[in-house]
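Tertiary structure, described
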Amino acid sequence: MSNQALIELSELSFAWPGQAPLLDIPAFRLEPGETLFLKGPSGSGKTTLLGLLGGVQRPDRGSIRLLGQELTQLAAGARDRFRVDHTGYIFQQFNLLPFLSVRENVELPCHFSKSRAARAVTRHGSVDQAAATLLAHLGLTDPAMLARRADSLSIGQQQRVAAARALIGQPELVIADEPTSALDADAREAFIRLLFAECREAGASLLFVSHDQSLAPLFDRNLSLAELNRAAVASEV
Ligand SMILES: Nc1ncnc2c1ncn2[C@@H]1O[C@H](COP(=O)(O)OP(=O)(O)O)[C@@H](O)[C@H]1O
Ligand SMILES: [Mg+2]
């Protein structure tokens, strides 16, 4: 028996209602601590797959295990708790709450997850200190920044706040859905390097999806969704 995967999918299939099958994935594993770049063109089902991994969508068939827990066997509330305890998300549009401060945005997962709050306190002394330290590691070193409203930030600053929110309380899995598409090439690479350093320090795996291949060589492993997905149309392969 091999070591437990962080994510293990088997015979997973999913179709949006009234649409042709989008995903049909016989097998996929992500290892603990691994950084994986998953590429696929727009519309190929990357965001849908990430939603399935977070238990936001349910598959029509098959198994999704995260840290050995079968997500399809959890009721909706338990799935939501499991997701916030173990997964940090960086969304394409960052999804910061505009009327909250930077600090409040970063600390949100600790309000929903006791285990992430507890880990933040163990590692940094307090949730506030965890937020300030993560933001400083990500290049937002000005303490006055913490009190600013999220909607007063530049795109590059919002992205760092979104990354700090994903990382706080050390979830085992960080999922990033095309988080660099709004940045220029230099800023993209700098951001990825900071994200890697933080994931490594926390022992987190990083699953990064994008249609932009320029960042792929920086990752432990590269994969195309079309290689995994039997439902991919021939033009994607
Ligand atoms: N909420 C939804 N309801 C219905 N169809 C959807 C929804 N989200 C995505 N789709 C469809 O699923 C396909 C893949 O979308 P998506 O997973 O967003 O791809 P990607 O992230 O690779 O661009 C598209 O055809 C899209 O129209
Ligand atoms: Mg997408």
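Shown above is the structure to which this text applies.
Right, let's walk through the structure included here.

Some words on helix α1 (residues 46-53)
- For α1, the tally of buried residues reaches 7 of 8 residues, placing the bulk of the element in the interior.
- Of the positions making up α1, those classed as buried are K46, T48, L49, L50, G51, L52 and L53.
- Looking one or two places after α1, you find G55, whose phi comes out positive at around 75 degrees.

Notes on the sheet that holds strand β6 (residues 87-90)
- Pairing is parallel across the open sheet formed by 5 strands, whose spatial order is β6-β7-β8-β3-β9. In the strand order of this sheet, the two ends are held by β6 and β9 (221-224), each with one partner. Neighbouring strand axes in the sheet, compared pairwise and without regard to direction, differ in orientation by 15 degrees on average.
- Its contacts with the sheet place helix α7 (residues 185-202) against β3 (35-39), β6, β7 (173-177) and β8 (205-210), and it is angled at close to 155 degrees to β8.

Quick notes on the pairing of strand β4 (residues 61-66)
- Inspection of the sheet shows strand β1 (residues 7-14) paired to β4 by 5 bridges, in the antiparallel sense. When the bridges of β4 are listed, S10 appears paired with S63.
- As paired strands, β4 and strand β5 (residues 69-70) are joined by 2 bridges and run antiparallel to one another. In the strand pairing of β5, R65 is matched with E70.
- Connecting β4 to the next strand, β5, in antiparallel fashion are 2 residues, including L67 with a positive phi near 50 degrees.

Brief notes about the site of ligand 1
- Neighbouring ligand 1 are the residues W16, Q19, L22, P41, S42, G43, S44, G45, K46, T47 and T48.
- Measuring from a nitrogen atom of ligand 1, one finds a side-chain N or O atom of W16 at 3.2 Å.
- For ligand 1, an oxygen atom lies 3.1 Å from a polar atom in the backbone of G45.
- Contact with the protein chains hides 59% of the accessible area of ligand 1, taken as 560 Å² for the molecule alone.

Describing the sheet that holds strand β2 (residues 23-30)
- Spatially, the 4 strands line up as an open sheet ordered β2-β1-β4-β5, and their pairing is antiparallel. Bordering the open sheet on either side are β2 and β5, each of which pairs with just one other strand.
- Strands β1, β2 and β4 of the sheet are contacted by α1, whose axis makes an angle of about 120 degrees with β1.

Quick notes on the environment of I64
- One can find I64 in strand β4.
- Given a relative accessible area of 2%, I64 falls into the buried group.
- A sequence separation of 80 residues divides I64 from A144, and the C-alpha atoms of the two residues are 42 Å apart.
- Not counting chain neighbours up to four residues away, the residues in contact with I64 comprise E8, L9, L12, L52, L53, P59, Q69, E70, L71 and T72.

How each quantity is defined
- Residues numbered from 1 in each chain as written.
- Chains lettered and ligands numbered in written order.
- Predicted model: local features only at pLDDT ≥ 70, side-chain atom pairs only at ≥ 80, totals over all residues.
- Heavy atoms only, no water.
- Buried < 20%, exposed > 50% of the residue type's maximum accessible area, 1.4 Å probe, protein only.
- Helix = DSSP H or I, 4+ residues; strand = E, 2+ residues; numbered from the N terminus.
- Pairing = 2+ DSSP bridges.
- Axes fitted to C-alpha atoms, helices over the stretch in contact; angles between N-to-C directions.
- Contact = heavy atoms within 4.5 Å.
- Near = heavy atom within 4 Å.
- Polar contact = N/O pair within 3.5 Å; in protein donor to acceptor, adjacent residues only side chain to side chain.
- Areas by Shrake-Rupley, 256 points an atom, 1.4 Å probe, with all protein chains shown as cover.

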